[in-house]
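Listed below are the residues making up each chain.
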Amino acid sequence: MVTRHLLYASMAVLGLAAGLAAWPAARPHAQPAPSAAVPIDSDDIGGVVTGQQGPEPGVWVIAETTDLGTRFARMVVTDDQGRYVIPDLPPATYNVWVRGYGLVDSPKVKSARGRLVNLSAVPAPNAAAAAEYSPAIYWFAMLRIPDKRLFPGTGPDGNGMPVAFRSQEQWLNAVQLNGCGNCHQLGDKATREFPAALEVSRSSSTDAWMRRLSSGPGGGTMVRTIGTLNTNDGGHVRRLAEWTDRIRAGELPASVPPRPHGLERNLVVTVYDWLSPKYYIHDLTVTDRRTPTVNPFGLIYGAAELSTDDLPILDPVKISKTTMKVPIRDQDAPSSALANPVVAPSPYSGTEQVWDSRVNAHNPMMDQDGRVYYTAQIRSPKKPPAYCAAASGHPSATRYPLTATPDGFVQNSRQVTVFDPKTRQFTFIDTCFGTHHLNFAEDASHTLWLSNNLQNELAIVGWVNTKQFWQTRDAGASQGWTPLVVDTNGNGKRDAYVEPNQREDPTKDKRLGLGLYGIAYSPADGSIWGSNIGHPGYVIRIQPGANPSETALAEVYKVPPPGYGMRGFDVDRQGVAWVTLASGHIASFDRRRCRGPLNGPGAAEGNRCPEGWTFYPIPGPSFAGRDGAAEGPYYTWVDQHDILGLGPDTPIGTGNFSDSLHTLTYGKVVELRVPYPMGFFAKGIDGRIDDPKAGWKGRGLWVTSGNRTPMHIEGIDAPSPGAPGKTLSSPLVVHFQLRPDPLAH
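What this report covers is the structure whose coordinates are included nearby. (Residues numbered from 1 in each chain as written. Predicted model: local features only at pLDDT ≥ 70, side-chain atom pairs only at ≥ 80, totals over all residues. Heavy atoms only, no water.)

## Considering the overall build of the protein
Each helix and strand counted, the protein has twelve helices and 42 strands in total. Against the globule reference of 27 Å for 745 residues, the protein gives a C-alpha radius of gyration of 25 Å, in line with a compact fold. Counting only C-alpha atoms, the protein reaches 80 × 65 × 55 Å along its principal axes. Across the 745 residues of the protein, 62% fall into the buried class. By element, 53% of the accessible surface of the protein is carried by carbon and sulfur atoms, the whole surface being about 26,300 Å². Positive and negative side-chain charges of the protein, numbering 70 and 70 respectively, have mean locations separated by a distance of 1 Å. (Helix = DSSP H or I, 4+ residues; strand = E, 2+ residues; numbered from the N terminus. Rg over C-alpha atoms; globule rule 2.2 N^0.38 Å. Buried < 20%, exposed > 50% of the residue type's maximum accessible area, 1.4 Å probe, protein only. Areas by Shrake-Rupley, 256 points an atom, 1.4 Å probe, with all protein chains shown as cover. Lys, Arg positive; Asp, Glu negative; His and termini not counted. Charge placed at Lys NZ, Arg CZ, Asp CG, Glu CD.)

Right under this line is the structure:
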């Protein structure tokens, strides 16, 4: 085994030269025509990394400090001569070291800014030591998955597979993305091994996994999810136990990651801690998506969803983290603790109820005036406002009243809370519909469109005319909503409709029972698009019309094979929809390529226009017997304004098991990896231009690490690569910048 993996490592290193030669010409240039010297300024650290064979290309040099208001680490990649420049470091003393594939971490060297620090790379003594630095996906791909012959499932009295799983892809969707992989980076050090607190030595690995899945406030959800994967042979718990046993016995991943090459070497990554190890982060906002120069150098606002009402704020100039307690309007708003009790003690937080939020802020978005809009709970779901009922005469309520009053805590029963940094005031917008993700339209009303990630009778899309709201403060009159209606009678307009579970009527349209998860506005034609996470995944387009409550029409497009596993979603400025899929693809849907009619009988099934789809493979290892990287990509964000520097409308997907972002450029998916701390699990992405005249230095992407167990991230005092340390990690904010060459400063 060791010999085989060392051979793979040697092949990967030898393949670097061929990879560089084959890399397409790109903007910015992949490699400069460098001189021998390493030029630095007074706020840089630079030098040369050498190994046993000479200069070490494509390895990371990391500078980290705890002298500032929060953990700060900046890292760059060496060029083809082993040279590096870590630019624009704030005043502090730094630990500087080398990390790379085929190596182990070099000793940390203390340095101030403005110094040349030459470093020696340390080769890994064996394949096992080298594999510790492989991203989680390399370990996760070792999982043995059910054979295709077990599908479709016929239940415990048949082939043992649950009848809910009609295909292997549907099972994988639950494991990779819309189940386990939605919350955890599977394959990281913390999941492929057991913490000592679980006392694994006293139990079987199967028992240890069941104990782990019962831990902390997420225990109830994890136990319910694993229950859906039960089979006669022990189910997914047995598969997980066998996976960890094989790793404990010394089995290693079947492949090794390549070193960064081409434009991947131009990346500058900066990592900040924020919030606390107890709480996870979901999303963030830094600017107005439509005008990314809003809020230059300003505060970054995060949302913590189920975990806490004390929402994080990062000051990227002062390099400090604070929290802001976001209020609720009504004191009877229920807490997330009601739906997430601690089932069994967590190895990290014991029996403490660490998730206890009544705000439940999921996603923030900034407007043209710098106000921050959170999809957040403000009241009890049992008390909707009167204007939600048909009797109120509200234009949307008369056509589709929303009067359901569920008990207890309901995760998607949110409204809108707005924070104005100028006045430090909070304002509540009480929506009749639940809210989840949100995006502004490019219209005179600054319309805020909102998804709710709910299905069946609650599958609607909602909006708030924010211009009207700020003029009148009338939440009822400023909002609207509509069910999603497909033109199945084919007459080009919206008519009376049948329900999703009813047969089509040639004189009527049909209501769609699929709600929106992600939501985006198309600058090309003003349409609203969204994703639906039901297997295998759908994109939905809504043309609002003159009066959306009664004129909006929906179109639905199911992702065809080989695609499956959809979650986040975005649209480029040409109106092309983009998703990142668990099948191991970034995929586009271009409605302009459709050849046949998009309405008429059967249009609600989602099978129109398979020719509109294009698939781009994501790099990374696959499960045995399958094609496609074993990824769990959470979200997709399109760089409409060329903030990163790869061109306008560059699609970017989150590589949640790969410690990376996947960017599609020149027809190829490029990995922008965060090598330290391992465990980066991207959720929210936003991009900002702080100074349009400053080139690459004045712009960049800001990304949250949203693992629901942030303590799984590699600790600052980790006992081994990728492991939690005694000082548990907080959630991360990561800044991605792309310079024109690896030595630009």
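## Focus on the environment of Leu-646
Secondary-structure assignment places Leu-646 in the loop between strand E36 (636–639) and strand E37 (650–655). Linking Leu-646 and Leu-738, residues 92 residues apart in sequence, is a C-alpha distance of 8.4 Å.

## So, the state of the cysteines
Under the definition given, this model contains two disulfides. Each sulfur in the disulfide pair Cys-388 and Cys-432 lies 2.0 Å from the other. In this structure the cystine formed by Cys-388 and Cys-432 twists about its S-S bond by roughly -90°; its chirality is therefore left-handed. Of this pair, Cys-388 sits in the loop between strand E18 (372–376) and helix H9 (395–399) while Cys-432 sits in the loop between strand E20 (425–429) and strand E21 (438–440), placing them 44 residues apart in sequence. A sulfur-sulfur separation of 2.0 Å characterises the disulfide bridge that pairs Cys-594 with Cys-609. Taking the torsion about the sulfur-sulfur bond, which here is approximately -95°, the covalent link between Cys-594 and Cys-609 counts as left-handed. In this pair, Cys-594 sits in the loop between strand E34 (585–589) and strand E35 (613–617) while Cys-609 sits in the loop between E34 and E35, placing the two residues 15 residues apart along the sequence. Cys-180 takes part in no disulfide bond, and the closest cysteine sulfur, belonging to Cys-183, lies 8.8 Å away. (Disulfide = S-S within 2.5 Å.)

## Looking at the pairing of E34
Here E34 lies mainly inside the structure; five of its five residues are buried. What you see with E34 is no split at all: His-585, Ala-587 and Phe-589 on one side and Ile-586 and Ser-588 on the other are buried throughout. By the bridge criterion, five bridges tie strand E33 (residues 577–581) to E34 in an arrangement that is antiparallel. Looking across to E34, one finds that Trp-578 is bridged to Ser-588. In textbook terms, the turn of a hairpin is the stretch between consecutive antiparallel strands, and for E33 and E34 this stretch comprises three residues, one of which, Gly-584, has a positive phi near 95°. Bridge count between E34 and E35: five bridges; the pairing is antiparallel. By the bridge assignment for E35, Phe-589 is matched with Trp-613. (Pairing = 2+ DSSP bridges.)

## Some words on the sheet that holds strand E23 (residues 460–465)
Backbone hydrogen bonds hold the strands of a sheet together, and the pairing may be parallel or antiparallel. Spatially, E21-E22-E23-E24 is the arrangement adopted by the four strands of the open sheet, whose pairing is antiparallel. Of all the strands in the sheet, just E21 and strand E24 (479–483) have a single pairing partner and so form its edges. On average, each strand axis in the sheet is tilted by 20° relative to the strand beside it, whichever way the strands run. Bridge count between E21 and strand E22 (residues 447–450): three bridges; the pairing is antiparallel. From the neighbouring strand, Phe-440 faces E22, where its bridge partner is Leu-448. (Axes fitted to C-alpha atoms, helices over the stretch in contact; angles between N-to-C directions.)

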